[in-house]
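The chain contents come next:
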Amino acid sequence: MTETSALPILEIRPTKGFLSLNLGEIWNYRELLYFLVWRDIKVRYKQTALGAAWAIIQPVMTMIVFSVFFGRLAKVPSDGIPYPVFAYTALLPWQLFAFALTESSNSLVGSQNLITKVYFPRLVIPLASVLAGLVDFFIAFIVLLGLMMFYGIRPTVSVVWLPLFILLALATALSVGLWFSALNVKYRDVRYTIPFLSQIWMFATPVAYPSSLIPQPWRAWSGLNPMAGVVEGFRWALLGNASNPGLLLWISTGAVLLLLVGGLFYFRRMESTFADIA
Amino acid sequence: MSDIAISASGIGKLYKLGQRERYRSFRDLVADVVKAPLRRFRSSGKQDVGASTFWALRDVSFEVRQGEVVGIIGRNGAGKSTLLKILSRITEPTEGLVRMRGRVGSLLEVGTGFHPELTGRENTYLNGAILGMKKAEIDRKFDEIVAFAEVEKFLDTPVKHYSSGMYIRLAFAVAAHLETEIMVVDEVLAVGDLAFQRKCLGKMGDVAKQGRTVLLVTHNMLPVRTLCTRAILLAEGRVVTDTSDVRHAIGLYSGLKTEGENGWRRSVTPGSPESPLVFTSLRRVLSGEQPSLKLQILAELQSLRPHAPAFIAVDILDSDATPLIQAIPTQTPLIEFSSTPQEVVVTINLPPLIPGTYRVTVWAGPHYMTTFDLIEKPLTFIVTDSPQPGRSFPHGTDHGYLVPESTVVVRPLRGAKRTLEQCT
C-alpha cells in the first residue's frame, strides 16, 4: 500500500470563520480557466454576419457620435488633441471595462449548469469572462493605431506603462464583477442594475471630456473612480499630451486594490452557497 | 489503515426550506428586514430552526475501501443526491467531515458544459477540462474517446447538429475516460439507447476491475446488482443499511417503497368535494402466488348527494405510471345512492407479471364519460417472484411486463436426414 499513501488527501468539512483566499487553487485550475476563456471567445461571434467586426464597430460608432455631439456641437475641449483620437483612446479601455463588468456580473448565473454539477474554484468563472474581453480590445486597438497615424500622433516613451493600465481596467472590472456576480446569484436585481450603472459610471469618468475640466483640488480625488485613473493613464501613455496623472493614478490603484480584496473575500464567503441557491 | 479511500463521519446537511426553489429579490430582503424585529418579538427570543429548515442528510458515516464499488440506493428525497453533491464538493456539509484519498472525479451529469455552437472536438476538450482532466491527458485519450462515442465523421460539426444519441454518446465517452482514483457517479448509466447503455455498463465494469473506487447512485437496480460489491441504503437522510449483501439491501429498498402505500384514506367534510360520490378509503390485499396472483381492492365510498348508480374501474400501472392493464369488473351490482358509507370489494385475477413495482389507480362513475371520483396511484404492490417457476434469472421490464402462459415442446423432426455423424 505504499502507492496509495502517496495519493493526495482531500478533506471536506463545513467552512467556518475567516476564509483564506486560496489563490493557489486557481493556479491548479489554470487549464480550465484557459478553456473557458477560449470557449467565450470562440462562441462570441458565432452566427453573426459581421463576426469580429463588431469589436470595431461598437467603439468606432460611439467615437463618431461623441465627436459630432461633444466635439463639434458642444465644443468640449480635448487638451489640444484631435477629438476623435481623444475620445477613442478613452473608449477603448472603457469598453473593455464595461464589457468585462457586464459579462462577469452575469457569469455565475449563466453558469448554473456547471456550478450545480461540477466542483472547481468558482472564481474561475468571473475571471474567465473578464479575460475574454481582451480579444475585442486588441482588435479595436488596431483602429487606434490607424487613427494615431492619420493624425500624426506619436506615442511617447510612457507607452511602456500601457499594459499596467490595461491590467488596472481588468482589475476594476473583476473587483466590481466579483461583488455583482455573487450578489446576482442571490438577488437577480443586479442584472437590471448593470446597464444603467455602467452608463452613469461612464459619464462620471472622463471619457467624453478631459479631466482638466475638473477643478484642481478635486481632480486627484476623482481617481477614487478607478476608471478615471485608467482613462487618464491611457491618454498619458499613448497621446503623451497631458502631464503624468501622478496622484490621481495612485488613488485609483489604491481604490481598486481595496475593492478587489473585498470582492475576493466576499466571493469566497458566498462560494459555498452558490450551488444551493443558484 | 491506508487502504481507506473515503471516510465520512457524521455528515449532515441542513437546508432552509424554499432555499433551493427560488432566488430572492431585494424586495424580499427589505420585507425580511422589516419583519425581523417583529418576528423576534413574537417568538420571544426562541430560535425557530425546526420550522423552516430540514436535514436532507444527518449523521451519515461510512468508510469505503480502495477498489470497492458501492451502490447508494434510496427513494427520491432520501438524501442520495445531497450526499453525492457533498462528496463531489459542489455543496458543503453543514456538519461532519469527509476524508478522501486520491483524485476525485464526479459525474453528476454527462455533457456538463457542452456548448451547442462548438464542434465535437472542441467540446471534448472543454468538457474534459471541466471534469478536471489536463489537456495532455485529453490529447492522449482523444482517439479512444472518439472511437468509443462513434462520432469520428462528425468531429468538426457543431454539436447542435448532432442527434441526441450522438450527443449523449460523446458526452458519456468523455466522462468514461476520466481516470481518477475515486469516481462518484450519478444515474449517468441511464442514457442513450439500450445498446449504448449496455456498453456504458460494460465500461463501468472495467472501471471497477481496475481497482478504482466507485460510488454509484442510481434508481436502476440492475447496475447495483451486477457491479456493486456493497450497497448503502439511505432513507430520510440517514443510513438504514450498509452491507456487502447487495441483494438484501435491494430487497429492503423495495420494501421501503411500499411503506404506507397499501392503504389510503381521506376525510370528507360534507359539501367539500363537488362530486356526489367519493372514495374515503382504499386498501389492497395481494394474495396467491405467481403466476396466479389475486389482487383485491377494498374501497369505502360515501354518497354526499343523491346520484346515478355508479360502477368502478381499476388501472394497473408500472412504477413510472405507464398504464399496463385495466380491470373492468362485472357491471353489476351497481353502487346505488346510500346515506351510509358502503364498501366495494373488487377482486382481480392478475396475469403473470414480471417482478417489479406496480401501482394502482381507482375510478368511479356513472358513465364512461362522467367521473365521480378518480384516485391516482394511491396503492402500490410489489411482485417479487418469477412468473415462471424455475426460471429465476433477474427479470427486467425491457421486454415487457406481462408474461402470457407459454409452454415449449422439443422433439426430433420427422423424416429428417441425419446431418452429423453421431459421436460414440
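Source: prediction; values computed, not measured.

A.B. asks: Describe the overall build of chain A, with residues and values.
C.D. replies: A count of helices and strands for chain A gives 13 helices and one strand. Counted from the first residue to the last, chain A has its helices and strands arranged as α-β-α-α-α-α-α-α-α-α-α-α-α-α. The dimensions of chain A, computed from C-alpha atoms along their principal axes, are 75 × 50 × 40 Å. Counting across all 278 residues of chain A, residues that qualify as buried make up 40%. Sequence-distant contacts in chain A: of pairs separated by 6 or more residues, those separated by 24 or more amount to 80%.

A.B. asks: Could you give an account of the sheet that holds strand β1 (residues 9–12) of chain A, with specific residues and numbers?
C.D. replies: Pairing is antiparallel in the open sheet, where four strands are placed in the order β1(A)-β4(B)-β1(B)-β2(B). With one partner strand each, in any of the chains shown, β1 of chain A together with β2 (53–65) of chain B form the two edges of the open sheet. Going across the sheet, the axis of each strand differs from the next one's by a mean of 15°, ignoring polarity. Relative to strand β4 (residues 95–101) of chain B, β1(A) is paired through four bridges, and the arrangement is antiparallel. Bridge pairing links A:Ile12 to B:Val98 in β4(B). Where helix α3 (residues 80–87) of chain B meets the sheet, its contacts fall on β1 of chain A together with β1 (4–16), β2 and β4 of chain B, and the angle it forms with β2(B) comes to roughly 65°.

A.B. asks: Lay out the interface of chain B and chain A with the relevant residues and their values.
C.D. replies: Counting from both sides, the interface comprises 44 residues of chain B and, opposite them, 33 residues of chain A. Of the residues in the side of chain B that touches chain A, the class split is 16 nonpolar, 12 polar and 16 charged.

A.B. asks: Which residues make up helix α9 (residues 189–204) of chain A, and what values go with them?
C.D. replies: The terminal C-alpha atoms of α9(A), which comprises 16 residues, lie 22 Å apart, in line with the 22 Å expected from a rise of 1.5 Å per residue. Considering bend angle alone, the principal kink of α9(A) is centred on A:Pro195 and spans about 30°.

Parameters at a glance
- Residues numbered from 1 in each chain as written.
- Chains lettered and ligands numbered in written order.
- Predicted model: local features only at pLDDT ≥ 70, side-chain atom pairs only at ≥ 80, totals over all residues.
- Helix = DSSP H or I, 4+ residues; strand = E, 2+ residues; numbered from the N terminus.
- Buried ≥ 20, exposed ≤ 12 C-beta atoms within 10 Å, placed from the backbone.
- Contact = placed C-beta atoms within 7 Å.
- Pairing = 2+ DSSP bridges.
- Axes fitted to C-alpha atoms, helices over the stretch in contact; angles between N-to-C directions.
- Nonpolar A, V, L, I, M, F, W, Y, C, P; charged D, E, K, R; others polar.
- Expected span 1.5 Å × (residues − 1).
- Bend = angle between axes of the 7 residues up to and from the residue.

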